[in-house]
Amino acid sequence: MRALVWISEGSWEACVDRTRETLASDAEVTLLHVAAADAERLASEPLAERLGRHRPPPPGPAVRELSEAEAQELLAAARARLRRAARTLSLHGRAERVVVQAAADADLLVLAREGHPRLGPGSLGPRARFVVDHAPCEVLLVWPARPEAGVDSIHWPRHMR
Amino acid sequence: MNEAISLVALAVCLAAAIARPRWAPDWAVAALAAAALVALGALGPRGAGRALSRLGPTVGFLAALLVLADGCRRAGVFDALGALMARGSRGRPRRLLAMVFTVAACTTAVLSLDATIVLLTPVVFATASRLRTSPRPHVYACSHLANSASLVLPVSNLTNLLAFAAAGISFARFASLMALPWLVAIAVEWLVLSRAFAGELRIPSDPAKARSGLAAQASDPSRPRDPRRAWEPGAEEPVQPGEPVEPVEPVEPGAEEPVRPGEPVEPGEPVEPGAEEPVEPERPEAPAGRLEPLEPPHARELPAFALGVVAVTLAGFAASSLLGVAPVWFAAAGAALLTVRHRPSSAAELVGAAEPAFLVFVLGLGVVVAAAGADGLSRTVDAVLPRGGSLGALVGVAAVSAALANLVNNLPATLIVVGAVASSAPGSVLAMLIGVNVGPNLTYVGSLATLLWRRVVHAHDEEVNLREFLTLGVATVPITLVAATAALWLALRVT
């Protein structure tokens, strides 16, 4: 079985833990991080769109290089936490679309809900929702933190109470 | 005839600035267009001279501010601010966003939007990445605040400088009238952005809590709060001291592994979920030492000299009308002090920081707009703009200005509208500024024309979610326009 784990800032620990706990030892695990291309673009060529401004970016490490280095460190940390052999993959682009593309030949995709920590539609952030809606394989949807309240918190319409 | 020629010249300038052809740099096109209009008689030499002498001090002021901001960069102000934001965030994305809001709003106010966009945004990106939080909310916040937090001081935005020169009010009065609209605009941005990015701003997961429904002990005081330490050896074990070891449920696929035939099970060892796999020797690969400090490696104390110069310059601005000295001289003195103390590596670096091409473009565009204005553009705008100091009239001025800024970009929009409103009360000028400063957030690239052009070029650009930009713009700009203008109306009545 080939499992793809979406390593995303803020929720990666839970995804790694759940992968380690639930996947059989012979599963091929790939840890995927997607750097946000829109943020890189806003930070690296910010004046490209602004009328009349031509200034080159100030000296320093290029945003893309810095972003790639941080992604590699995050993936290394995730693999160390996983404590088993795993491939790592660092891509950049629009995360939700890149993840779906990368899941094309996976059997299982592990991702976090990335939303409010309570039961309901808000618990699935827009990126996670896109991936869940479009995933071409099976999905393991992880709560990055324990939800604030249990099933009692689910709203019932008046006539169904 | 003259009117048509000058409008064509204006359109050519804008087209060159938006399309950026290699063979026709926008500054040269603007300068040539201005010269051509004078040569053709669309604008008399006297009119052109008047436009240039009116714009000259403003452009000089802008150059001084750009050099001042670049001096701050050389002094390490922005790197130090990055470290400050990282420390202040305590590893929590929402706190980091609050720090970014504070720093970006103040940087924009004091050192102008160019400083926020060019100098601060890359630092914010690096800071967020190092803290292992999604950089998107923070970078989007910089991008939005560069526009909407540029209301408060005449030096915050070139549009403000142009209006400030025309409105004839003091620096201190400008600031006192625009302080409330500025705060309101920042508040609206906070409400919208912190909601829009709520998912990515969630507190980094605590694995102890993440054991949904299994582990009762959600919070362990012994667990380090710093999320960067969560994976350090010794801090990452799934079973914590004092936490009862759960019985292995047979439904867990991984739980069958310890009893796999042929694999010796060590007697006496407690079975821990998640620990079935032998710990691989690759663990030390984790660069534990690298991430221990929260701040970037070059973090340091805030550079006192540079911040002192900025503070004194600001005080000079505030006292300029009392002292009878034009604010531009304080900016020039501050820029000179920082240049002497933190020398640029070359003269080219110093000149480049002042963006000479941009300054020429502004001057050329100013002359072209003066020609178009003399030939009826101002009258047209005049007919559209509401008059008077009522709330409705001010909102109308802001809305028309924002619409114009989104059609042709905010710099030409300011040059066009300021001629029409300069004679009226300062309220109209400031309402116009709310429109041209906040308005560009609607299309993120500054105007519809730019957006359409970029859209054609990058039709297959998968990287940027244009709809997300536009959604954020639609969510913030109209509310900010109305709320900030209402705040301005209130400030005008109170003071």
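Residues numbered from 1 in each chain as written. Chains lettered and ligands numbered in written order. Predicted model: local features only at pLDDT ≥ 70, side-chain atom pairs only at ≥ 80, totals over all residues.

Okay, the overall build of chain B next. Check the secondary structure of chain B and you find 19 helices and zero strands. Expressed as a percentage of the 495 residues in chain B, the buried residues total 51%. The contacts in chain B between residues at least 6 apart in sequence include a share of 80% that link residues at least 24 apart. (Helix = DSSP H or I, 4+ residues; strand = E, 2+ residues; numbered from the N terminus. Buried ≥ 20, exposed ≤ 12 C-beta atoms within 10 Å, placed from the backbone. Contact = placed C-beta atoms within 7 Å.)

What follows covers the overall build of chain A. Helix and strand counts for chain A stand at five helices and five strands. Reading the secondary structure of chain A in the N-to-C direction produces β-α-β-α-α-β-α-β-α-β. Referenced to the eigenvectors of the C-alpha coordinate spread, the extents of chain A come out at roughly 65 × 45 × 25 Å. Residue burial in chain A is summarised as follows: out of 161 residues, 48% are buried. The contacts in chain A between residues at least 6 apart in sequence include a share of 75% that link residues at least 24 apart.

Below, the discussion takes up the pairing of strand β5 (residues 138-142) of chain A. The pairing of strand β4 (residues 108-112) of chain A with β5 of chain A spans five bridges and is parallel. Within β5 of chain A, the residue paired with L109 of chain A across the bridge is V139 of chain A. (Pairing = 2+ DSSP bridges.)

The tendency in soluble globular proteins is for nonpolar side chains to be buried side by side. Ranked by internal contacts, the top residues of the largest apolar core, which has 201 residues, are V5 and C15 of chain A together with C13, V100, V368 and M432 of chain B. Sort the elements by how many residues they give to this core and helix α5 (residues 93-130) of chain B lands first, with 22 residues. (Core = buried A, V, L, I, M, F, W, Y, C linked by C-beta atoms within 7 Å.)

Before going further, it helps to examine the packing of helix α1 (residues 2-19) of chain B against helix α2 (residues 26-40) of chain B. Packed helices, taken two at a time, are described by the angle between their axes plus the distance between the axes. All names here are of chain B. Two elements in contact, α1 and α2, have axes separated by 8 Å at closest approach and are oriented at 170°. Considering the angle they form, α1 stands roughly antiparallel to α2. Residues I5, S6, A9, V12, C13, A16 and A17 of α1 form the contact with α2, whose participating residues are D26, V29, A30, A33, A36, L37 and L40. Taken together, the residues of the contact of α1 with α2 break down into twelve nonpolar, one polar and one charged. (Axes fitted to C-alpha atoms, helices over the stretch in contact; angles between N-to-C directions. Parallel < 35°, antiparallel > 145°, perpendicular 65-115°, else oblique. Nonpolar A, V, L, I, M, F, W, Y, C, P; charged D, E, K, R; others polar.)

This paragraph deals with the environment of L307 of chain B. All names here are of chain B. Along the chain, the position of L307 falls in helix α11 (residues 304-323). The class of L307 is partly exposed, set by 15 C-beta atoms lying within 10 Å. Residues L307 and A34, spaced 273 residues apart in sequence, show a C-alpha to C-alpha distance of 40 Å. L307 has contacts with V77 and L302, leaving out every residue within four places of it along the chain.

Residue and element names in this part refer to chain B. On average, residues of chain B score 79 in pLDDT, and 77% of them reach the 70 mark or higher. Contacts from residues 205-298, a stretch scored under 50 in pLDDT, to residues over four places away or in other chains number 119 contacts. Taken over the whole predicted complex, pTM reads 0.82, whereas the ipTM for its chain interfaces reads 0.90. (pLDDT = per-residue confidence, 0-100.)

Moving on, we get to the sheet that holds strand β2 (residues 28-36) of chain A. Residues and elements named next belong to chain A. Read from one edge to the other, the open sheet built from five strands follows the order β3-β2-β1-β4-β5, with strand pairing classed as parallel. Bordering the open sheet on either side are β3 (87-93) and β5, each of which pairs with just one other strand. Direction aside, neighbouring strands of the sheet carry axes that sit 25° apart on average. Sheet topology note: the strand β1 (residues 2-6)/β2 ladder contains five bridges and is parallel. If you follow A3 over to β2, its bridge partner there is V29. In the packing of helix α3 (residues 63-82) onto the sheet, the strands contacted are β2 and β3, and the crossing angle to β2 comes to about 150°. The sheet contacts of helix α4 (residues 95-102) involve β1, β2 and β3, and relative to β2 the element is tilted by about 155°.

With that out of the way, let us pick up helix α15 (residues 391-408) of chain B. Residue and element names in this part refer to chain B. If you check α15, its first and last C-alpha atoms are 26 Å apart, about what 18 residues at 1.5 Å a residue would give, namely 26 Å. Within the span of α15, buried status applies to L394, V395, G396, V397, A398, V400, S401, A402, L404, A405, N406 and V408. Remark: N409 follows α15 within two positions and exhibits a positive phi of approximately 85°. (Expected span 1.5 Å × (residues − 1).)

Turning to unusual backbone geometry, a few remarks are in order. All names here are of chain B. Phi angles above zero are rare outside glycine, and R20 is one such case at about 50°. Phi is positive for N409, close to 85°, though the residue is something other than glycine. Here N409 is to be found in the loop between α15 and α16 (410-421).

A separate point is the environment of D114 of chain B. Residues and elements named next belong to chain B. Looking at the element boundaries, D114 is found in helix α5. Distance in space between the C-alpha atoms of D114 and A69 is 8.7 Å, their sequence separation being 45 residues. Aside from chain neighbours lying at most four places away, what touches D114 is L66 and A69.

Right, let's get into helix α4 (residues 77-89) of chain B. Residues and elements named next belong to chain B. In this model, α4 (13 residues) spans 18 Å end to end at C-alpha, consistent with the 18 Å of a helix rising 1.5 Å per residue. By the criterion of burial, α4 is predominantly enclosed, with ten of the 13 residues buried. By the burial criterion, the buried members of α4 are V77, F78, D79, A80, L81, G82, A83, M85, A86 and S89. Buried residues belonging to α4 abut α3 (45-74), α5 and α11. One or two steps after α4, the chain reaches R90, where phi turns positive at roughly 50°.

Next up on the list: the environment of G10 of chain A. Residue and element names in this part refer to chain A. As for its position among the elements, G10 is in the loop between β1 and α1 (12-22). Here G10 falls in the buried class, since 23 other C-beta atoms lie within 10 Å of it. Separated by 104 residues in the primary sequence, G10 and E114 place their C-alpha atoms 8.5 Å from one another.

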